[in-house]
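The lines below spell out each chain.
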Amino acid sequence: MNQDTSQTPTGIFVDKDKCTGCGNCADTCPFGAILVDETAVIGEGCNLCAACVDACDFDAIYILGKKEAALTGPDDSRGVWVYAEQREKVLAPVSMELLGEGRRLADILGCPLSAVLLGHQVAGLADTLFAFGADVVYLADHPDLEGFTDERYSAVLTELITEHRPNIVLAGATAVGRSFIPHVAAKLGTGLTADCTGLDIDPQNLLLQTRPAFGGNIMATIVCPERRPQMATVRPRVMKRPTPQPGRKGQLVQVSLNHSGFKTSLMEVVQELTDQVNLAEAEIIVTGGRGLQSAKNFQLIYELAGLLGAAVGASRGAVDAEWLSYAHQIGQTGKTVNPKLYIAVGVSGAVQHLVGMQSSDVIVAINNDPHAPIFNVATYGLVGDLFEIVPALIEGIKARMGI
Amino acid sequence: MRIVVCIKQVPDAKNVKLDEKTYTLKREGVESIINPFDMYALEEGLRIKEKMGGTVTVISMGPPQTESSLREAVSYGADEAVLLSSRAFAGADTLATSKTLAHGIKKIGFDLIICGKQAIDGDTAQVGPELAAHLGLPHVSFVRKVREITEQSLTVERLMDDGYDVVRLLLPALMTVVKEINLPRMPSLKGKMRAKKIEISAWGPAEIGLDDAQAGLAGSPTKVVKVFAPQPRGKRELVVGAPAVQAASLLDRLTDDGILKISK
């Protein structure tokens, strides 16, 4: 960073008269970008995160040249909003999880919690949103919103946010949320953090957004200090689903649709075997890898998954061999999942697979190679022939179920 | 048809190691590759060009060494390559990145923009939809199949969490693609020759008419305040014995942990 203010009007600067060289800033810097040579010297790695500004007891570090004013400044925005996702008139489980988390954040900030519900003939879902903690539900109910298109949903949500200026907007990190929420954030010119696994409020009332990066090898906490709203998509199944309070009341605000001339049309919606494909929301996943040896042998995986009420996953090897469709693929070039229980059968556990599932609560690995890397992340490792162990598991479960 | 494909140079995941003490990524000596999802975007761009005629231009924002990935893209069959590179672009979050790409792509001209669904280092999946917003385009994410393309419209299958949707967009438009969409080709000999010789346009803020305040760190509303190691995984246990014993022990443990509730 250039510290000569005459040439660089923006950036981070050290007031050498105030700096005592105490080194607090260097200890605090998450990027190791500060050296202390009599006074603090801020180097190339600086990300303008301002952690050092807060850490300095002598007000010696300051940032100049803040960005142009955002759509809404931090001071005049208010309220926590949750995008309540529904598909085929059924609320996505993540919507309830977000209401629980949104309620917690709203209570810390002392502000109302609102839900935004878009669709057609979905008004009946509003009571559920109230029961799960919403004070206000903004409802846009229109035939044009019957199915999801990025263009329409983005237009409506962008307009609502512009009008009501919430402080925080949360949405599920689902196929829908991760597709249209970035469009909304860019239209508003504000920041967005993807696929968060932790949220909190800091002493300055900023939203702390924590997400895994590099496949979960590191965690990063991100803030959006100057622009509003502060926006995040949140990974399903991370936040706790709250206990609903049936009969809890709130304010329903009907929103009209003022847009036309859309360039996107939804032609068809095809739902596949929901229970066995929806990996993002699944509590239990049974995944098969190359060790299964053939598409036919996946029958074993399906049988075990069926007994456990689990979704079926596949390693990249199994998908490349065309034993299962890409929708089942878990890992870096497939989906990231975090079920309560993940059972990996005949999966060796290449790093590209591990990054897609290592945040699961409990991992069971069944593999005949005791050195397979999957065992490094397995809560319970079963070394042996899957063609003996899986049938034994199936028999064991059936016996316990009494069938 | 003017097709623009966005690519990103990323560290090859299989070689990235974590420093056990500092929990930072050891990047030294790690090979760089074209983000895998962008390879499917490029392949789809080439296939559409072969069907419809036109050009495929690859564009990337990154440090000067990103040029090697752009040359690689040319070896697969891209016609032109543009590098957006400047110190002013450094430290960009997804908003500043997409803004910068939008200015570059506006200068190139386009009918269809194709991106990979996400980059494997950042995993945000945000740059594609944000780019569409800056350019005022309709977009569709997670495309697994192009059903039909005409001069006026694009009809695709979009992968959803529980199946797929069929979506039609009027062009110009933007799509992001998943792995399932195609099997990328190998580079051709002719392509490799072109890749060596081709002049790659390198544009900074002035060339694309972007104010420094909208690029890089200055144009990024989000800031990283903390980087830390994830909680280590808890206990690990080998469950031993004959298969029937292993199975029974496992079911006992999962039941005791409250993970499984099997009842008659």
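Residues numbered from 1 in each chain as written. Chains lettered and ligands numbered in written order. Predicted model: local features only at pLDDT ≥ 70, side-chain atom pairs only at ≥ 80, totals over all residues. Heavy atoms only, no water.

Q: I'm lost on the overall build of chain B in this one. Help?
A: Tallying secondary structure elements over chain B gives seven helices and 15 strands in all. Based on the C-alpha atoms only, the size of chain B along its principal axes is roughly 65 × 45 × 40 Å. Each of the 264 residues in chain B was classed as buried or not, and the buried ones make up 57%. For chain B, the proportion of contacts with a sequence separation of at least 24, taken over those separated by at least 6, is 69%. Accessible surface, chain B: about 11,400 Å² in total, of which carbon and sulfur atoms supply 52%. Positive and negative side-chain charges in chain B, numbering 36 and 33 respectively, have mean positions lying 2 Å apart. (Helix = DSSP H or I, 4+ residues; strand = E, 2+ residues; numbered from the N terminus. Buried < 20%, exposed > 50% of the residue type's maximum accessible area, 1.4 Å probe, protein only. Contact = heavy atoms within 4.5 Å. Areas by Shrake-Rupley, 256 points an atom, 1.4 Å probe, with all protein chains shown as cover. Lys, Arg positive; Asp, Glu negative; His and termini not counted. Charge placed at Lys NZ, Arg CZ, Asp CG, Glu CD.)

Q: Would you mind showing me how to read the sheet that holds strand 13 (residues 201–203) of chain B here?
A: The pairing of strands in a sheet comes from backbone hydrogen bonds and takes either a parallel or an antiparallel form. Spatial strand order, 17(A)-11(B)-10(B)-9(B)-12(B)-8(B)-1(B)-6(B)-7(B)-13(B): ten strands in an open sheet with mixed pairing. Unpaired on one side and paired on the other, strand 17 (264–271) of chain A together with strand 13 of chain B mark the two borders of the sheet. Each strand of the sheet is rotated relative to its neighbour by a mean of 30°, with strand direction disregarded. On the sheet, helix 1 (residues 36–52) of chain B packs against strand 1 (2–6), strand 6 (55–61), strand 8 (112–116), strand 9 (139–149) and strand 12 (173–177) of chain B and is oriented at approximately 150° with respect to strand 8 of chain B. Here helix 3 (residues 94–108) of chain B sits on the sheet and contacts strand 1, strand 6, strand 7 (80–84), strand 8 and strand 13 of chain B; the angle it forms with strand 6 of chain B, its principal contact strand, is near 150°. (Pairing = 2+ DSSP bridges. Axes fitted to C-alpha atoms, helices over the stretch in contact; angles between N-to-C directions.)

Q: It is not clear to me how the domain arrangement of chain A should be interpreted in this structure. Could you clarify?
A: Often, the extent of an interface is quoted as the loss of accessible area on bringing the components together. Domain parsing of chain A yields domain 1 (9–67), domain 2 (80–254) and domain 3 (284–401). Taking the mean C-alpha position of each, domain 1 of chain A and domain 2 of chain A sit 35 Å from one another. (Domains from an automatic or database assignment.)

Q: Would you mind showing me how to read helix 2 (residues 67–76) of chain B here?
A: All names here are of chain B. Inspection of helix 2 places Ser69, Leu70, Ala73, Val74, Ser75 and Tyr76 among the buried residues, and these make up the whole buried set. Packing partners of the buried residues in helix 2 comprise strand 2 (9–11), strand 5 (32–34), helix 1, strand 6, strand 7 and helix 5 (189–197). With its phi angle positive at about 135°, Gly77 sits one or two positions after the end of helix 2.

Q: What is the right way to look at the environment of Thr210(A) in this model?
A: All names here are of chain A. With respect to the secondary-structure elements, Thr210 resides in strand 13 (residues 207–213). Judged by its relative accessible area of 13%, Thr210 is buried. The sequence separation of Thr210 and Cys196 amounts to 14 residues, and the corresponding C-alpha distance is 5.5 Å. Reaching out from Thr210, the side chain makes a polar contact with the side chain of Thr221 at a distance of 2.9 Å. (Polar contact = N/O pair within 3.5 Å; in protein donor to acceptor, adjacent residues only side chain to side chain.)

Q: Hey, could you run me through the interface of chain A and chain B in this one?
A: The interface is formed by 102 residues belonging to chain A together with 89 residues belonging to chain B. When chain A packs against chain B, close to 8,200 Å² is buried across both sides, 59% of that on carbon and sulfur atoms. By the criterion of area lost to chain B, the three top residues of chain A are Phe214(A), Tyr380(A) and Arg400(A), representing 10% of everything that side buries. The interface formed by chain A and chain B holds six salt bridges in total. The salt bridge involving Asp252(B) is made with Arg400(A); its shortest N-O contact spans 2.9 Å. Across the contact surface, chain A and chain B share 36 residue pairs in polar contact (both at pLDDT 80 or more). For the side of chain A that touches chain B, the per-class residue count stands at 50 nonpolar, 32 polar and 20 charged. Two strands pair when backbone bridges link them, and strand 17 of chain A and strand 11 (residues 163–170) of chain B are joined in this way by seven bridges, in the antiparallel orientation. Its bridge partner being in strand 11 of chain B, Glu268(A) is matched across the sheet by Val166(B). (Buried area = accessible area lost by both parts, 1.4 Å probe. Salt bridge = Lys/Arg side-chain N within 4 Å of Asp/Glu carboxyl O. Nonpolar A, V, L, I, M, F, W, Y, C, P; charged D, E, K, R; others polar.)

Q: How should I be thinking about the packing of aromatic side chains in this particular structure?
A: The description of two aromatic rings rests on the distance between their centres and on the angle between their planes. All names here are of chain A. Counted according to the given criterion, the structure contains seven aromatic pairs over all chains. When the centroid spacing of 5.7 Å and the interplanar angle of 35° are considered together, the rings of Phe13 and Tyr62 count as tilted. On the criterion of sequence distance, the pair formed by Phe13 in strand 1 (residues 11–14) and Tyr62 in strand 4 (residues 61–64) is long-range, its members being 49 residues apart. Through pairs of rings, three or more aromatic residues link up here, namely Tyr83, Phe148, Tyr153 and Phe180. (Phe/Tyr/Trp six-rings, centres within 6.5 Å; stacked < 30°, edge-to-face > 60°.)

Q: Even after reading the chapter, I still don't get helix 3 of chain B, so can you show me in this structure?
A: Since the α-helix advances by 3.6 residues per turn, residues separated by three or four positions end up pointing in the same direction. All names here are of chain B. Compared with the 21 Å implied by 1.5 Å per residue over 15 residues, the 21 Å span of helix 3 between its first and last C-alpha is a close match. Most of helix 3 sits out of view: eleven of its 15 residues are buried. Taken together, the buried positions of helix 3 are Thr94, Leu95, Ala96, Thr97, Ser98, Thr100, Leu101, Ala102, His103, Gly104 and Ile105. Measuring from the side-chain oxygen of the N-cap residue of helix 3 to the backbone nitrogen of Leu95 gives 3.1 Å; that N-cap residue is Asp93. (Expected span 1.5 Å × (residues − 1).)

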